[in-house]
Structure formats: C-alpha cells, structure tokens
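# Overview (structure and organization)
The lines below spell out each chain.
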Amino acid sequence: MKNIAAKVWLSSPHMGSEEFNYVKEAFDTNWIAPLGPNVNGFEQDLQSFTGAKHAAALSSGTAALHLALIMLGVGPGDEIICQSFTFSASANPIVYLGAVPIFIDSEPDTWNMSPELLEQAIKDRIAKGKKPKAIIPVHLYGMPCQIERIIAIAAVYDIPVIEDAAEALGSTCNGKAAGTFGLMGVLSFNGNKIITTSGGGALISDSGKLIEKARFLSTQARDPAPHYQHSEIGYNYRMSNVCAGIGRGQMQVLAQRVKQRRGVYAYYVKHISHLPGITFLPEPERLFSNRWLTTITVDKTKTGGVDREAIRLSLEEENIESRPLWKPMHLQPVFEAYPSYVNGLSEKLFNDGLCLPSGSNLTEFDLERVVDHIKACF
Ligand SMILES: *Cc1c(COP(=O)(O)O)cnc(C)c1O
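As the structure is a prediction and not an experimental result, all values here were calculated from the model.

### A word on the overall build of the chain
A count of helical and extended segments in the chain gives eleven helices and 15 strands. Taken against the 2.2 N^0.38 rule, which gives 21 Å for 378 residues, the C-alpha radius of gyration of the chain at 21 Å falls within 12% of a compact globule. By its C-alpha atoms, the chain is 70 × 60 × 40 Å across when sized along the principal axes. By residue count, 56% of the 378 residues in the chain fall in the buried class. Here the contacts in the chain between residues at least 6 apart in sequence split such that 72% fall between residues at least 24 apart. If the 35 positive side-chain charges of the chain are averaged to one point and the 39 negative ones to another, these points end up 1 Å apart.

In structure tokens:
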C-alpha cells in the first residue's frame, strides 16, 4: 500500500501569535458585531501599511468591488472594462448591476491588462457610442499590473480606475502600494489570500467621502434618525469585529508573510528553473510582487512532451495541490458573450500555466517534495 504523505495545499491560512488575543478581547468585551475596536484598528493598520488615506473593512473583496461600482453610479447597460485574466469575482459585481463587462487581454511582462488593448478598447467603445464607466485592472498572483500606464490612459479619457488588489496586498509599483493608484482599491482576506480574516475584504481610497459612503452603504444605508429611516438601498457588507481581530493579528505578520512567499518563489526558481521548457515570471523593473502564488508555464515542445496537465496530475497523485492558471473571463461560459479585446496571451497562459503550492507555512520538506515530484516528471 502506498503511504500518502500529508496534503500540501496551494495556499492555506497561516496564523501568527496575536490573532487569537484580539478575538478573545472581542469576546471578553462582547464586541461581537460588525463594528467595534478591532474593525477600527484593522482599518488603521490597512491605512498605515498601504499608505491609503482611508479604508473600510468589509465582508469580502467581492463586496468591496460591488460597492465601488455602485458609488460610481454604475447601472444597467453601462460598460465596464475588466481584465480578462483574473478570478471571476473581478467581473461578477459588474453583472450584479446589470452592466456589461468588456474584457481586455494581458501583456507578457506582468500577465495583467495590456495597456495597448485597453486604449484600443476605449476608443472602440466610444466610437460605438458608449464611454466605459470604469476600468478594473488586476494585480494577479500578486504581480502588479502596468498600473502607471493604465492610470495615464484612464486620465486621458477621464475614466475612473478601480484596482483589484485582492491578491496583491504587500505588492508595490515604484514603492507605492498596489491598490492605491486608482480612485479606489479592492483587497481580499479570503482564506487562501496572503493574509486572511477567515473571509473578508476592504475598500481603500484617498477619498474620505467615498470610504464614508462605503461604510454607510455596507451597514444597510441607515439615515441619521432614532427610528430606522432609509433613503437609499443598503447592503449588509461590513466586516465583523471578530473577523477584524484576526485581521489585526495578521497585519503584524504581513511583512513576514511577503518575505516567506517570496522565499517560496526563490526556492522553486533555484531548483526547477533549469528544467527545459519551465519558465517563471520575473519581476519587471520597479515592480515588487508579494509572490502570493508562484506560477510557471510549461512548454511541452521543450520538455520532451511533458505538459502542464501531466505535472498537475502527477502532483495530485502525491497529495500535492496545484492549479492551472486562472481561465480567462472571455472564455468562461457565463461571460463569453460579452465583448472582448484579445491577443491570445491569457488563453495560452491558461493552457500552459500552473500555480505551485505557495503558502508561507510550507516547510522545507514540503517544498522538497514538490520539487522532487516535478523533476520526476522529466
Ligand atoms: C479573491 C479575489 C477576489 C474576491 O475576493 P473575496 O474576498 O473572495 O470576495 C477578487 N478578485 C481577485 C483577483 C481575487 O483573487
């Protein structure tokens, strides 16, 4: 009988030493509500870490993006430009509002939104009679997109940018935090992200007005009155004080988690980058990735016929989780009818790419196992 070693996960929660103390404090003081000292403290931690002037802690990154679009007045029939190579949560809130996602393919240096295709799409949409209402670029896998170029293009056409930095807390462009370039930025603390609150997200911005409004909308849009009074539709999207307690503890180890994830990336580069046909995504100048996930592409014309799927299945047999690179939105059954501006890159990445186990809690032994089994495929 085969002896199956412990499961190696793609990216699993990694608690520090203080999370439980903050949660315990919430219990001890009976702040078991979507407000309280941990929520305020967590928001302050996010502001000082990212440099954003304001932050609202919310129930998820998806909720943050939904509120951002609502505050921009997005409604039925509006067009929203969105990176195609992403996780579906970047695009779902567009459709919640009856708006139309316009998908943009990637560029090779960061695998994120192509500024050329973005500009082409804006011009084409305007020519067709509709100016896009917002642009959603994504810093996928923690690699910052070409955000400065995207912001410059958006400024020419006066279109607001909502940065999806759900996977990129701790990443920077030119020393400035991912998520702080656009009008608003979206963070996620889902269980698989670089830090987690077990489930949660945040909206960050330099605009106090927008963040105040996000807090208002996320707590059922209650007008100031002794009775329940509403003049707008509200949402139940605020983060609880218990979850925020986990977040405060996680913020204390975030810098260390970035270091550890980058260490995982460096380990893989050292041990498998010499294999023929295996390619990593290096950091372009001025960009700093938190290396949330280490990603490789597999060129089977150079590996001697070994493709991505062969590696993935062979790891799976050894109880090691890996995952194909995200399937682009313009190829998803639920989104394929929407307009898209493509060059084939994200489709190729999906076909040839693999995310390797990248958690900050992986041991040297775990990493050795992954590397040995990848080598064994050759
Ligand atoms: C995780 C994720 C989200 C959504 O965040 P949730 O907190 O899970 O709602 C959005 N965009 C990207 C790119 C993500 O990876």
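Having seen the structure, we can now continue with the description.
### Digging into the site of the ligand
Among the 15 residues in the neighbourhood of the ligand, the closest are listed as Thr62, Asp164, Glu167, Ser188 and Lys193. The contact in question runs from an oxygen atom of the ligand to an N or O atom on the side chain of Thr62, over 2.5 Å. Between the ligand and Asn190 there is a distance of 3.1 Å, counted from an oxygen atom to a side-chain nitrogen or oxygen. In the complex, 93% of the free accessible area of the ligand, which totals 380 Å², lies under the protein chains. A majority-of-atoms criterion places the ligand in the largest pocket. Of the residues assigned to the shell around the ligand, the class counts are four nonpolar, eight polar and three charged.

### Describing the pairing of strand S8 (residues 184-188)
For S8, a buried count of five out of five residues is recorded, marking the element as mostly surrounded by other parts of the structure. Where burial is concerned, the two faces of S8 agree: the one with Met184, Val186 and Ser188 and the one with Gly185 and Leu187 are both buried. In this structure, strand S5 (residues 162-164) lies alongside S8, joined through three bridges in parallel fashion. Residue pairing in the sheet places Ile162 in a bridge with Met184 of S8. Summarising the sheet, S8 and strand S9 (residues 201-205) pair through four bridges and their orientation is antiparallel. Of the residues in S9, the one forming a bridge with Gly185 is Ile204.

### Some thoughts on the layout of surface pockets
Taken as a whole, the largest pocket spans an internal volume of roughly 560 Å³. Secondary-structure elements contributing two or more residues to the lining of the largest pocket are helix H3 (61-71), S8 and strand S13 (323-324). Examining the composition of the lining of the largest pocket, we find that three residues originate from one element, H3, more than from any other. The residue inventory of the lining of the largest pocket, partitioned by class, reads 14 nonpolar, ten polar and six charged. Within this model, the second largest pocket holds a volume of roughly 240 Å³. Around the second largest pocket sit 13 residues that line it, and Trp111, Thr279, Thr297, Lys348 and Leu349 are the ones nearest its centre. Elements supplying a minimum of two residues to the lining of the second largest pocket: strand S10 (278-280), strand S12 (294-298) and helix H10 (345-352). Here the element with the most residues in the lining of the second largest pocket is H10; it accounts for four residues.

### Examining the domain arrangement of the chain
As far as domains go, the chain holds domain 1 (19-253) and domain 2 (255-376). Taking only C-alpha atoms into account, the centre of domain 1 sits 25 Å from that of domain 2. In this assembly, 44 residues from domain 1 lie in contact with 37 residues from domain 2. Regarding the contact of domain 1 and domain 2, the summed buried area is about 3700 Å², with carbon and sulfur atoms giving 63% of it.

### Overview of empty space enclosed by the protein
Taking a probe equal in size to a water molecule and rolling it over the atoms shows the remaining empty space. As enumerated under the stated definition, the model contains one cavity of 30 Å³ or more in all. Taken together, Thr110, Trp111, Leu140, Tyr141, Met143, Leu281, Ser289, Arg291, Leu293 and Thr295 make up the full set of residues lining the largest cavity. Partitioning the lining of the largest cavity into residue classes produces six nonpolar, three polar and one charged. Each of domain 1 (19-253) and domain 2 (255-376) contributes no fewer than three residues to the lining of the largest cavity.

### Considering the nonpolar core
Buried together is how nonpolar side chains tend to be arranged in soluble globular proteins. Judged by nonpolar contacts, the single largest core of 37 residues is most densely connected at Phe42, Leu46, Tyr141, Leu187 and Phe189. Elements that contribute at least two residues to this core include exactly helix H2 (37-50), strand S1 (54-58), S9, helix H8 (241-272) and H10. Of the residues forming this core, the biggest block, five residues, is contributed by H8. Counting contributing residues per domain, this core is built from domain 1 (19-253) and domain 2 (255-376), each supplying no fewer than three. Ranked by size, the runner-up nonpolar core spans 34 residues in total, among them Ala56, Leu69, Tyr235 and Tyr237.

### A word on the side chain of Thr196
Inspection of the secondary structure puts Thr196 in the loop between S8 and S9. A polar atom in the side chain of Thr196 sits 2.9 Å from the backbone nitrogen of Ser198. With residues up to four places along the chain from it excluded, the contact list for Thr196 reads Pro13, Met15, Phe189, Asn190, Gly191, Ile246 and Gln250.

### A look at the pattern of salt bridges
In total, this model carries 17 salt bridges according to the counting rule given. Of the charged contacts in the structure, one is a salt bridge between Glu232 and Lys213, with a shortest N-O distance of 3.1 Å. With a gap of 19 residues between them, Glu232 in the loop between helix H7 (208-218) and H8 and Lys213 in helix H7 connect regions that are remote in the sequence. Note on Glu232: relative accessible area 36%, which makes it partly exposed.

Parameters and conventions
- Along each chain, the written sequence defines residue order, and numbers are assigned to residues from 1.
- For a predicted model such as this one, the threshold for reporting local features is a pLDDT of at least 70, and the threshold for listing and counting side-chain atom pairs is 80 or more; totals across whole chains, interfaces and linings nevertheless cover every residue.
- Only hydrogens and water are set aside when side-chain values are computed; all heavy atoms of the structure are taken into account.
- Put simply, DSSP H or I for four residues or longer makes a helix, DSSP E for two residues or longer makes a strand, and each gets a number counted from the N terminus.
- Restricting the calculation to C-alpha atoms gives the radius of gyration, and the globule rule supplies 2.2 Å times the number of residues raised to the power 0.38.
- The buried label applies to any residue whose accessible area, calculated with a 1.4 Å probe on protein chains only, is under 20% of its type's maximum; exposed applies above 50%, and partly exposed to all values in between.
- Note on definitions: a residue-residue contact is assigned when non-hydrogen atoms from the two residues lie within 4.5 Å.
- For the purpose of counting charges, residues Lys and Arg are taken to be positive, whereas Asp and Glu are taken to be negative. His and the chain ends are not included.
- Where a charge lies is defined by one atom per residue type, namely NZ (Lys), CZ (Arg), CG (Asp) and CD (Glu).
- Throughout, the term near means that a residue has one or more heavy atoms lying within 4 Å of the molecule or strand in question.
- For this analysis, a polar contact is any N or O atom pair within 3.5 Å, provided that within protein one partner can donate a hydrogen and the other can accept it, and provided that sequence-adjacent residues contribute only side-chain to side-chain pairs.
- Each accessible area is a Shrake-Rupley result for a 1.4 Å probe, and residues are judged covered by the shown protein chains and nothing else.
- Using only the protein atoms, space was sampled on a 1 Å grid; points where a 1.4 Å probe fits but cannot get out form cavities, open sets with protein on both sides within 12 Å along at least five of seven lines form pockets, and lining residues are those with an atom within 4 Å of a point.
- A pocket or cavity is taken to hold a molecule when more than half of that molecule's atoms are within 2 Å of the pocket's grid points.
- Note on residue classes: Ala, Val, Leu, Ile, Met, Phe, Trp, Tyr, Cys and Pro are nonpolar, Asp, Glu, Lys and Arg are charged, and everything else, Gly too, is polar.
- For two strands to pair, DSSP has to find at least two bridges joining them.
- Grid points are joined across faces, edges and corners, and a volume is the space filled by probe spheres set on the points.
- All the domain ranges listed were derived from an automatic or database domain assignment.
- Buried area is calculated as the accessible area (1.4 Å probe) missing from two parts once they are joined, with the contributions of both summed.
- Grouping buried Ala, Val, Leu, Ile, Met, Phe, Trp, Tyr and Cys residues that are joined through side-chain atoms within 4.5 Å yields what is termed a nonpolar core.
- By definition here, a salt bridge exists when the distance from a side-chain nitrogen of Lys or Arg to a carboxyl oxygen of Asp or Glu is within 4 Å.

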